[in-house]
Amino acid sequence: MLDMETIRLIDIISIELRKILELPISRSESDEFHQVQFDELSEKIQKSFNYITIQNNYHSNRSYVVRTSRSSEKETFLISVGLDMISEKRIDCLMHELAHILMHKEDIQYKEPKWKNAEPWEQEDEANCLSRAFLMPKDYFMYALIKYSSNDGSVDIEKISSYFKVQERLVIERGRDLFVWD
C-alpha cells in the first residue's frame, strides 16, 4: 500500500497527464465523464510523447514496456499491449505501462521486459495507482460515488465500474487510494 503523500503526488501527475493529452480533469470542464477509447488514447500518447511507440501484441493477454534505444540522448520506448484482453483491461494496461515510462524509466531494460530494480513491487503499485487515477479522476470519482450510493450508505460498485468503463476491482482500489473505504 502506498502512503498518502505518494498517492497525492500520483494524483497530481495524472491531472497533468490528462492536460497533456487534452482530456477533461474535472466536472467543471465536462459535466459527464467520457472514457477515451484505446485507439484514440494510443494516438494521443504517441502524438504527445514522440519517443513512445505503442503496438498491439497479437495472440497475447500481456502487456509490457521496453527501451528501444541505448542512447541516453534520444531515449525511445515501446509499449506492447495484448489484443486478447477485454477493452477495459487494455486501457488499464496501456496506462500502467505509460506510468512506468513516466515514473521509472531508468529501470526499464533495453529490448527485454524485465526490471533492473531488485524490488519492483513498489513500482508496480505506483504504476497501478497512476493508471487508476488517470482512468478515474478524483472529481469524477467522488461524483460517481455520490450518484451511485444509496441512502443506507451502500455503494453500487458495478454502476461506478460501468460509468468509468473499468473493471470493478479498479473501482475498489481507487476508493482505497482516496481513503473512501478500507
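Overview of the structure. (Residues numbered from 1 in each chain as written. Predicted model: local features only at pLDDT ≥ 70, side-chain atom pairs only at ≥ 80, totals over all residues. Heavy atoms only, no water.)

Here we take up the overall build of the protein. Along its length, the protein carries seven helices and three strands. Reading the helices (α) and strands (β) of the protein from amino to carboxyl end gives α-α-β-β-β-α-α-α-α-α. For the protein, whose C-alpha radius of gyration is 17 Å, the value lies close to the compact-globule estimate of 16 Å for 182 residues. In terms of its C-alpha atoms, the protein occupies a principal-axis envelope of roughly 55 × 30 × 30 Å. Looking at the 182 residues of the protein, the share that counts as buried comes to 46%. Sequence-distant contacts in the protein: of pairs separated by 6 or more residues, those separated by 24 or more amount to 62%. Summing over all exposed atoms, the protein offers an accessible surface of approximately 10100 Å²; the carbon and sulfur share of this is 48%. Taking the average place of the 24 positive charges on the side chains of the protein and the average place of its 33 negative ones, the gap between the two points comes to 4 Å. (Helix = DSSP H or I, 4+ residues; strand = E, 2+ residues; numbered from the N terminus. Rg over C-alpha atoms; globule rule 2.2 N^0.38 Å. Buried < 20%, exposed > 50% of the residue type's maximum accessible area, 1.4 Å probe, protein only. Contact = heavy atoms within 4.5 Å. Areas by Shrake-Rupley, 256 points an atom, 1.4 Å probe, with all protein chains shown as cover. Lys, Arg positive; Asp, Glu negative; His and termini not counted. Charge placed at Lys NZ, Arg CZ, Asp CG, Glu CD.)

Next up on the list: the sheet that holds strand 1 (residues 52-57). Hydrogen bonding along the main chain pairs the strands of a sheet, whether they run parallel or antiparallel. On the basis of which strands lie adjacent, the open sheet formed by three strands has the order 1-3-2 and mixed pairing. Two strands close off the open sheet at either side, each with one partner strand: strand 1 and strand 2 (63-67). When the angles between neighbouring strand axes are averaged without regard to direction, this sheet yields 20°. As defined by bridge partners, strand 2 adjoins strand 3 (residues 77-82) across five bridges and the pair is classed as antiparallel. Following the sheet pairing, Val66 is matched in strand 3 by Leu78. (Pairing = 2+ DSSP bridges. Axes fitted to C-alpha atoms, helices over the stretch in contact; angles between N-to-C directions.)

Below, the discussion takes up the pattern of salt bridges. Counting across every chain of the model gives eight salt bridges. Residue Arg8 is joined to Glu5 by a salt bridge in which the shortest nitrogen-to-oxygen separation is 2.8 Å. With Arg8 and Glu5 both in helix 1 (residues 4-20) and three residues apart, this pair spans about one turn of that helix. Judged by its relative accessible area of 42%, Arg8 is partly exposed. Looking at Glu5, the relative accessible area reads 40%, which means it is partly exposed. A salt bridge links Arg176 to Glu173; its shortest N-O distance comes to 2.6 Å. Within this pair, Arg176 and its partner Glu173 are both found in helix 7 (residues 168-177), separated by three residues, close to a single helical turn. Judged by its relative accessible area of 29%, Arg176 falls in the partly exposed class. Assessed through its relative accessible area of 26%, Glu173 is described here as partly exposed. (Salt bridge = Lys/Arg side-chain N within 4 Å of Asp/Glu carboxyl O.)

Next up on the list: a nonpolar patch on the surface. On the surface, a cluster of nonpolar side chains totalling about 400 Å² of accessible area is made up of Met1, Met4 and Phe179. Its location among the elements puts Met1 in the segment before helix 1. A relative accessible area of 73% means that Met1 is categorised as exposed. (Patch = residues over 30% accessible without salt bridge, like charges linked within 9 Å, V, L, I, M, F, W, Y side chains within 5 Å.)

To continue, consider the packing of aromatic side chains. Summed over all chains, the structure comprises 10 aromatic pairs. Joined through ring pairs, the aromatic side chains of Phe33, Tyr140, Phe141, Tyr143, Tyr148, Tyr163, Phe164 and Trp181 make up one cluster. (Phe/Tyr/Trp six-rings, centres within 6.5 Å; stacked < 30°, edge-to-face > 60°.)

This part takes up the packing of helix 5 (residues 138-147) against helix 6 (residues 157-164). Their axes nearest at 10 Å, the elements helix 5 and helix 6 cross at an angle of 140°. One element, helix 5, and the other, helix 6, form an angle in the oblique class. Of the two elements, helix 5 crosses helix 6, and the hand of that crossing is right-handed. Contacts from Tyr140, Phe141, Tyr143, Ala144 and Leu145 in helix 5 reach Ile160, Tyr163 and Phe164 in helix 6. (Parallel < 35°, antiparallel > 145°, perpendicular 65-115°, else oblique. Left-handed = near helix turned anticlockwise from the far one by under 90°.)

Further remarks concern the packing of helix 2 (residues 38-48) against helix 3 (residues 87-104). At a minimum axis separation of 10 Å, helix 2 and helix 3 run at an interaxial angle of 20°. As summarised for this structure, helix 2 and helix 3 are arranged roughly parallel, according to the angle between their axes. Like other packed secondary-structure pairs, helix 2 and helix 3 cross with a definite hand, here left-handed. From helix 2, Phe38, Leu41, Ser42 and Ile45 reach across to helix 3, where they touch Arg90, Ile91, Leu94, Met95 and Leu98.

So, to be careful, I would describe these as geometric facts and stop short of saying anything about function.
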